[in-house]
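So the chains spell out like this:
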Amino acid sequence: RSKDAGGGVFHAYEPQLHLRAEERRVLEMALRGALEKNQLHLAYQPVVNAGTGTLTGFEALLRWTHPELGSISPGKFIPLAEEARLIAPIGEWVLRTACEEAASWNNQVRIAVNVSAEQLHNPGYVAIVANALASSGLRADRLELEVTESVFMREGTGATQTLEKLLDLGIRLSLDDFGTGYSSLGYLSRTRFSSIKIDRSFVQGASKGVKEALAIIRAVVALAQSLGMATTAEGVETEDEHRLVQLLGCNKVQGFYFGRPLPVEEARALATDRAAESRAA
Ligand code: C2E
Ligand code: MG
Ligand code: MG
Ligand code: MG
């Protein structure tokens, strides 16, 4: 698609679209070299127990800093990587790096890695995960893979079986951005998720008094509880939002109120503090 637009066919009547296509082309070219030029790194955002505030783990979030273009947000380059078929090598790098970096941390701290649907449609993905665990030495139950509902949208791609095989490795699965996709709920009974992550839009809405957002969080928490799954509230930015999601029964929380995505050294230090805390307790 970008190739057609890049040819300038839209230019005469859609200058803006052309510009966007041009920007995409530039970004896509730059992204092709990002891995080998060491422009990627991971930031780690704390996930804490909603009741006690204890650190339970981190979510690894990909960062790309280009020497001229500066820092580019994942919201922009991840979809591009997916369309340009670059997500497989980039995703594998993320997984390996997160496993290697977290392997030496306090072994009670979990590490969550985001996985694109495209990666799960590759039958070789299970071997990639097994390999990342083996070569890093990270215990399987410390790794959590975050998938979105979009994984279940294409029938017959074997995604459910791939998820089963991943569970057999002993890792955990969580369902990210829950409620923002277009899937049926049937897959929730087929796949054993440890946790459902409630999207920030619902947390924000509920704290602003939007009745529908509140109703959705209540329903998701009830659904998760009856399926034996935990819930994580995403994007908690204030004390009020924390109180609210705690009151609604969310088990874990994540958001700027508890910590921004951190450089690896700071994440390691936090994980070490956590180890000291639990020894003292
Ligand atoms: P996500 O997996 O839902 O990650 C949470 C996003 O919310 C992160 O944005 C995080 O920085 C942001 N966030 C966390 N707490 C707050 C808060 O309190 N307020 C606000 N406003 N935002 C908060 P980020 O890092 O920009 O990543 C955006 C999305 O890009 C992620 O959403 C995920 O879907 C995708 N992504 C990031 N890293 C990877 C990766 O390694 N692989 C894949 N496939 N996707 C990734
Ligand atoms: Mg996520
Ligand atoms: Mg999320
Ligand atoms: Mg989200």
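The paragraphs below set out a description of the structure included in this document.

Rules used throughout
Residues numbered from 1 in each chain as written. Chains lettered and ligands numbered in written order. Predicted model: local features only at pLDDT ≥ 70, side-chain atom pairs only at ≥ 80, totals over all residues. Heavy atoms only, no water. Donors = N, O, S within 2.8 Å, 3.2 Å for Na, K, Ca; no water. Helix = DSSP H or I, 4+ residues; strand = E, 2+ residues; numbered from the N terminus. Buried < 20%, exposed > 50% of the residue type's maximum accessible area, 1.4 Å probe, protein only. Phe/Tyr/Trp six-rings, centres within 6.5 Å; stacked < 30°, edge-to-face > 60°.

All right, on to the coordination of the magnesium ion (ligand 2) then. Binding of the magnesium ion (ligand 2) to the protein goes through E59 (OE), N114 (OD1), E146 (OE) and D176 (OD), at separations of 2.0 to 2.2 Å. All donors of the magnesium ion (ligand 2) belong to a single chain; written as a sequence motif, their spacing is E-x54-N-x31-E-x29-D. Separation of the magnesium ion (ligand 2) from the magnesium ion (ligand 3) amounts to 3.5 Å, with D176 serving as a shared donor to the pair. Taken together, the residues E59 in strand β2 (residues 55–66) and N114 in strand β4 (residues 110–114) connect sequence positions 55 residues apart. Taking the relative accessible area as the measure of exposure, E59 reaches 4% and is therefore buried. Judged by its relative accessible area of 30%, N114 falls in the partly exposed class.

For the rest of this paragraph, the subject is the packing of aromatic side chains. Counted according to the given criterion, the structure contains 7 aromatic pairs. For the ring pair Y44 and F58, a centre distance of 6.4 Å and an interplane angle of 80° mean the geometry is edge-to-face. Highlighted residues: Y44 in strand β1 (residues 40–49) and F58 in strand β2, separated in sequence by 14 residues. Just as Y44 is buried, F58 falls in that class too. Ring centres of W64 and F77 lie 5.5 Å apart, and the angle between their planes is 85°; this geometry places the pair in the edge-to-face category. Taken together, the positions of W64 in strand β2 and F77 in helix α3 (residues 74–83) put the pair 13 residues apart, joining distant regions of the chain. Among the aromatic residues, those joined into a cluster by ring pairs are Y44, F58 and W105.

Moving on to the coordination of the magnesium ion (ligand 3). Protein coordination at the magnesium ion (ligand 3): the donors are D176 (OD), D177 (OD), E234 (OE) and E234 (OE), at 1.9 to 2.8 Å from the metal. Mapping the donors of the magnesium ion (ligand 3) onto the primary sequence yields the spacing D-D-x56-E. Overall, the relative accessible area of 6% leaves D176 in the buried class. According to the relative accessible area criterion, E234 is buried, its value standing at 12%.

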